[in-house]
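Below are the chains, spelled out letter by letter.
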Amino acid sequence: MIEWFDFQVFPRHEPVLHIMVLAAAALYVLLMALPFMPGIEVGLALLVLLGGSGALLVYMSTLVALSISYGLGRLMPQRSLSRLLYWLHFDRAAELLVRLEGVPPEFRVEAVFRMAPSGIVPFLLRHRYLSVVVLLNLPGNALIGGGGGIGMLLGVSRLIPFYQYLLTVALAVAPVPLMFYVGSLLSER
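Residues numbered from 1 in each chain as written. Predicted model: local features only at pLDDT ≥ 70, side-chain atom pairs only at ≥ 80, totals over all residues. Heavy atoms only, no water.

Draft legend 1. Fine view of the overall build of the protein. Counting its secondary structure elements, the protein contains 12 helices and zero strands. When the elements of the protein are put in sequence order from the N terminus, they spell out α-α-α-α-α-α-α-α-α-α-α-α. Looking at the protein residue by residue over its 189 residues, the buried ones come to 35%. In the protein, the share of contacts with a sequence separation of at least 24, taken over all contacts with a separation of at least 6, comes to 62%. (Helix = DSSP H or I, 4+ residues; strand = E, 2+ residues; numbered from the N terminus. Buried < 20%, exposed > 50% of the residue type's maximum accessible area, 1.4 Å probe, protein only. Contact = heavy atoms within 4.5 Å.)

Draft legend 2. Here's a closer look at the nonpolar core. Core analysis: the biggest nonpolar cluster contains 23 residues, and Leu63, Leu66, Leu136, Leu154, Tyr165, Val169 and Val173 have the highest contact counts within it. Where this core is concerned, the elements lending two or more residues are α2 (14-33), α3 (40-50), α4 (55-75), α9 (128-137), α10 (146-157) and α11 (162-172). Counting residues per element, this core draws most heavily on α4, at seven residues. In this structure leucine 136 touches Leu66, Asn141, Gly147, Ile150, Val169 and Ala172, once residues within four positions along its chain are discounted. (Core = buried A, V, L, I, M, F, W, Y, C linked by side-chain atoms within 4.5 Å.)

Draft legend 3. Highlighting the packing of α3 against helix α12 (residues 175-188). Two numbers describe how α3 lies on α12: the axes approach to 10 Å, and their chain directions differ by 10°. In terms of their interaxial angle, α3 and α12 are classed as roughly parallel. Residue-level inspection shows Leu44, Leu47 and Val48 of α3 in contact with α12, the latter providing Val176, Pro177 and Phe180. A per-class count over the contact of α3 with α12 returns six nonpolar, no polar and no charged. (Axes fitted to C-alpha atoms, helices over the stretch in contact; angles between N-to-C directions. Parallel < 35°, antiparallel > 145°, perpendicular 65-115°, else oblique. Nonpolar A, V, L, I, M, F, W, Y, C, P; charged D, E, K, R; others polar.)

Draft legend 4. Region of the structure containing the environment of asparagine 137. Among the secondary structure elements, asparagine 137 is positioned in helix α9. Along the chain, asparagine 137 and proline 175 lie 38 residues apart, while their C-alpha atoms are 9.7 Å from each other. Among the polar contacts made by the side chain of asparagine 137, one reaches the main-chain carbonyl oxygen of alanine 172 at a distance of 3.1 Å. (Polar contact = N/O pair within 3.5 Å; in protein donor to acceptor, adjacent residues only side chain to side chain.)

Draft legend 5. Expanded view of the side chain of serine 61. By the secondary structure assignment, serine 61 is in helix α4. Residue serine 61 is classed as buried on the basis of its relative accessible area, which comes to 7%. Here leucine 57 takes part through its backbone oxygen, which lies 2.7 Å from a polar atom of the side chain of serine 61. The residues contacting serine 61, other than those within four sequence positions of it, are Ala25, Tyr28 and Val29.

Draft legend 6. Here's a closer look at the packing of α4 against α11. The N-to-C vectors of α4 and α11 enclose an angle of 145°; their axes lie 10 Å apart at closest approach. Considering how the two elements wind past one another, α4 and α11 form a crossing that is right-handed. Here Tyr59, Leu63, Leu66, Ser67, Ser69 and Tyr70 of α4 come into contact with α11, specifically with Phe162, Tyr165, Leu166, Val169 and Ala170. Among the residues forming the contact of α4 with α11, the class breakdown is nine nonpolar, two polar and no charged. (Left-handed = near helix turned anticlockwise from the far one by under 90°.)

Draft legend 7. Here's a closer look at α2. In a regular helix each residue adds 1.5 Å, so 20 residues correspond to 28 Å; α2 covers 29 Å between its end C-alpha atoms and thus fits that length. Of the positions making up α2, those classed as buried are Ala25, Tyr28, Val29, Leu31, Met32 and Ala33. (Expected span 1.5 Å × (residues − 1).)

What follows is the structure in structure tokens.
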């Protein structure tokens with residue numbers, strides 16, 4: 001098998017390599033957008049494979065993937081989700097969704113803040129953008145839904161408008177691709 005994959009790269013192979021890179025980026029977008037899928041490993045593999053020249057591709061793919069997951073969350077009917085939560089015996093979460101169903105998005109943060117038990121939830125709501133940044137960069141976040149699950153949950157909750165979510169995600173995921181890009185610039189010197 002190693003001999004089969006072992007081929008030298010000539011200029012005539014360049015279109016095939018471009019297709020392979022784009023296919024890997026599409027796979028990365030798909031895996032990153034799905035909840036509980038560790039898509040970041042594919043992104044890191046692309047960064048290692050392409051180096052700093054692929055940093056922008058990985059960064060933009062990440063933004064697209066997390067935007068898709070947020071959009072899917074926004075499209076998800078809350079009544080169906082509350083039924084699913086009841087079926088899974090997550091009664092308190094289902095009741096919270098039922099109570100929030102009629103609340104307009106601009107008043108949801110206040111409503112959740114009033115309904116939440118005292119403790120960590122009000123703190124997380126007050127600092128929700130920082131919480132998103134921390135959760136997206138938390139090692140092993142695939143256990144809590146990964147980037148796709150976090151984005152989908154934020155879309156369902158409607159606690160953060162899309163433009164603020166996109167800006168938060170853009171800042172949260174920038175350090176790793178930026179580090180690869182700067183590292184490639186420094187290694188060229």
